[in-house]
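Structural characterization, general
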Amino acid sequence: MKTLPFHLPDIGNNEINSVLEVLRSGWLTTGAKTHEFEAEFAEAVGADFAVAVNSCTAALHLSLEAIGLKEGDEVITTPYTFASTAEVVEYFNAKPVFVDVNEDDLNINSYKIESIINEKTKAILPVHMAGKAVNLEHVYDIANKYDLFVVEDAAHSFPTTYNGQFIGGHSKMREIPSTACFSFYATKTITTGEGGMICTHDAKIADRCKRMALHGISKNAWNRYSSTGSWFYEIESPGFKYNMTDMAAALGLCQLQKAESMRDRRLEIATLYNEAFSNIEQFRVPPLNIASNDLHSWHLYMLRINPNTLKISRDHFIQQLRELGIGTSVHFIPLHIHPYYKDKYGYNNNDFPVAFNEFQKEISLPIYSSLSDSDIERIIECVIKISKDHAK
Ligand SMILES: *Cc1c(COP(=O)(O)O)cnc(C)c1O
């Protein structure tokens, strides 16, 4: 029987032809396609500005640079996330300060944020886990009260809404500039192979990100026909090399067109999984109905096992699924148990007990638009069979 991979990108002829068109055009790097992608993405989420870059990690880094993060500053974030979220804080010799997550949706527990704010706190960096929005109103209320920046790690959350507004459109909610950073990595909800986007309502932040994404120079490579000709530029700051290519942007434009239909399919899959697993005591399913009918992007389907009801561990469960040809993954190994953070800050596993405990139960099942109904049936059958074979 064929193996079902954990993820497959949904790449059709449109994507292939659009990339070929760019290859034939003679202009491969940042140019007209990238601008078009920025404009369409900004419109899709309701942001005033969108800056395309070559990863979400770059987007997060540039955002923190643009808000002026300095050595010794603190940024409040979650331990239940990917490496990028905290490493970008470390780039500045600033400190990522972790706040434990909610047990139900694994998002940052916003009620624990206020008590750790001090004069060093500069920003809050929440992650919309799996594509379910964090309690943004609360996060922004706290940020407003203490004059903090908000940089949203929106790597999972296109298209996700909160109070009817797309993630990426929320910096309107406040005076102090904020950004939302998206990922177009190969496994994300829309992909450009590698890529990212910074969305903001603040012109200065957008401009700073744009310049720093390309060496901190005052003129971009595509601006060839200015009065000084093609050769003139000025370095204003030592920037980075984070710009998006037109090949990637061409992919992104095609993916954007089908983002909604791909999300609809992922919602169908999540619904089928929840129907199949919600009444089985061996499992805990992710919350399907979110507040006020908001959109969940369903980037991940995070199933959790109930260890008291099984004779096998999560790792063994994953092994059994692999033997049946089902690819899975685990999201996420909490940052505070990784050697770097553990050694540097002296963390114990139980310093963030929810993150630590839930990580040990978590299995991410395949959820992507090219899965057929029979693929889903097969995954469900395998998961249920393993749970029955090894029930306590
Ligand atoms: C994938 C991911 C990132 C990084 O995205 P890249 O585009 O690969 O840099 C950041 N944060 C989270 C939560 C992610 O899952």
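Per chain, residue numbering runs from 1 following the sequence as it is written. The predicted origin of the model limits local features to residues at a pLDDT of at least 70 and limits the giving and counting of side-chain atom pairs to 80 or more, whereas totals for whole chains, interfaces and linings rest on all residues. Working from all heavy atoms in the structure, the side-chain values ignore hydrogens and water.

1. Thoughts on the overall build of the protein
Quick reminder of the rule: The secondary structure listing takes helices from DSSP runs of H or I that are at least 4 residues long and strands from runs of E that are at least 2 residues long, numbered from the N terminus. Computation of the radius of gyration draws on C-alpha atoms, with the globule rule given as 2.2 Å multiplied by the number of residues to the power 0.38. Burial status follows relative accessibility: with a 1.4 Å probe on protein chains alone, a residue under 20% of its type maximum counts as buried, one over 50% as exposed, and anything between as partly exposed. Two residues qualify as a contact provided that any one of their heavy atoms is within 4.5 Å of a heavy atom in the partner residue. The protein chains shown are the only cover counted for residues, whose accessible areas, like all others here, come from Shrake-Rupley with a 1.4 Å probe. His is not counted, nor are the chain ends, whereas Lys and Arg count as positive and Asp and Glu as negative. In plain terms, the charge of a residue is placed at NZ if it is Lys, CZ if Arg, CG if Asp and CD if Glu.
Assigned secondary structure in the protein consists of twelve helices and twelve strands. What you see for the protein is a C-alpha radius of gyration of 21 Å, in line with the 21 Å of a compact globule of 392 residues. Projecting the C-alpha coordinates of the protein onto the three principal axes gives extents of approximately 75 × 55 × 40 Å. By the burial criterion, 57% of the 392 residues in the protein qualify as buried. For the protein, the proportion of contacts with a sequence separation of at least 24, taken over those separated by at least 6, is 75%. Carbon and sulfur atoms form 51% of the exposed surface of the protein, whose accessible area is close to 16,800 Å². Separation between the mean location of the 36 positive side-chain charges and that of the 49 negative ones in the protein comes to 3 Å.

2. With respect to the pairing of strand β5 (residues 149–153)
The cut-off we apply is this: Paired strands, as defined in this entry, are two strands with at least two bridges between them according to DSSP. Assignment of crossover handedness uses the view with strands pointing away from the viewer, where a clockwise path from the first strand over the helix to the second indicates a right-handed crossover.
The buried count for β5 comes to five of five residues, which makes it a mostly enclosed element. On β5, burial covers both faces: Phe149, Val151 and Asp153 on one face and Val150 and Glu152 on the other are all buried. Two elements, strand β4 (residues 121–125) and β5, share two bridges in a ladder whose sense is parallel. Pairing of alanine 123 across the sheet is with phenylalanine 149, part of β5. Considered for its hand, the β-α-β crossover made up of β4, helix α5 (residues 136–146) and β5 is right-handed. Bridge count between β5 and strand β8 (residues 178–183): four bridges; the pairing is parallel.

3. Comments concerning the site of the ligand
Inclusion rule: In this text, near means that some heavy atom of the residue lies within 4 Å of the molecule or strand in question. Definition of a polar contact: a pair of N or O atoms within 3.5 Å, with one able to donate and the other able to accept a hydrogen when the atoms are protein atoms, and with sequence-neighbouring residues admitted only if both atoms are side-chain atoms. In this count, Pro and Cys sit with the nonpolar residues alongside Ala, Val, Leu, Ile, Met, Phe, Trp and Tyr, while Asp, Glu, Lys and Arg are called charged and the others, Gly among them, polar.
Taken together, 16 residues sit near the ligand, with Thr57, Asp153, His156, Ser183 and Lys188 positioned nearest. The side chain of aspartate 153 places a nitrogen or oxygen atom 2.7 Å from a nitrogen atom of the ligand. Within the complex, 93% of the 390 Å² of free accessible area of the ligand lies under protein. Looking at the shell around the ligand, the elements with two or more residues in it are α3 (56–66) and α4 (83–90). Residue composition of the shell around the ligand, grouped by class: six nonpolar, eight polar and two charged.

4. A word on the pattern of salt bridges
Test applied: Salt bridges, as used here, are contacts in which a Lys or Arg side-chain nitrogen is within 4 Å of a carboxyl oxygen on Asp or Glu.
A full pass over the atoms with the stated rule returns 18 salt bridges. With a closest N to O distance of 3.4 Å, lysine 258 and aspartate 10 form a salt bridge. Of this pair, lysine 258 sits in the loop between α7 (246–257) and α8 (259–277) while aspartate 10 sits in the segment before α1 (13–25); the two residues are 248 residues apart in sequence, bridging distant segments of the chain. For lysine 344, the salt bridge goes to glutamate 90, with nearest N and O atoms at 2.7 Å. With lysine 344 in helix α10 (residues 339–345) and glutamate 90 in helix α4, this pair connects stretches of sequence that are 254 residues apart. On the basis of relative accessibility, which here comes to 10%, the residue glutamate 90 falls in the buried class. The structure contains a network of salt bridges with shared partners spanning Asp10, Glu15 and Lys258.

5. Some thoughts on the sheet that holds strand β9 (residues 196–200)
Note the threshold: For helices, the axis comes from a line fit to the C-alpha atoms of the stretch in contact; other axes are also lines fit to C-alpha atoms, and the angle between any two N-to-C directions lies between 0 and 180 degrees.
Ordered in space as β1-β9-β8-β5-β4-β2-β3, the seven strands form an open sheet in which the pairing is mixed. The two strands at the open ends of the sheet, each matched to only one other strand, are β1 (49–53) and β3 (95–98). Strand-to-strand twist across the sheet, computed as the mean angle between neighbouring axes with direction ignored, equals 25 degrees. As paired strands, strand β2 (residues 74–77) and β3 are joined by four bridges and run parallel to one another. Counted as the bridge partner of isoleucine 76 is valine 97 from β3. Running at roughly 140 degrees to β3, α4 makes contact with β2, β3, β4 and β5 of the sheet. The sheet strands contacting α5 are β4, β5 and β8, and the helix crosses β5 at an angle near 150 degrees.

6. Observations regarding the packing of aromatic side chains
As a reminder, the rule being used: Within 6.5 Å between ring centres, the rings of Phe, Tyr and Trp (the latter by its six-membered ring) count as paired, and their orientation is classed by plane angle as stacked under 30 degrees, edge-to-face over 60, tilted in between.
For the structure shown, the criterion picks out 20 aromatic pairs. On the basis of an interplanar angle of 70 degrees and a centroid distance of 6.2 Å, the ring pair of phenylalanine 37 and phenylalanine 41 is categorised as edge-to-face. One end of the pair, phenylalanine 37, and the other, phenylalanine 41, are both in helix α2 (residues 32–45), four residues apart, so they sit about a helical turn from each other. Given the relative accessible area of 0%, phenylalanine 37 is considered buried. Taking 4.9 Å as the distance between ring centres and 90 degrees as the angle between the ring planes, the aromatic pair formed by tyrosine 340 and tyrosine 341 counts as edge-to-face. Assessed through its relative accessible area of 45%, tyrosine 340 is described here as partly exposed. Residue class for tyrosine 341 comes out buried when judged on its relative accessible area of 7%. Counting every residue linked through ring pairs, the aromatic cluster contains Phe98, Tyr340, Tyr341, Tyr345, Tyr347 and Phe352.

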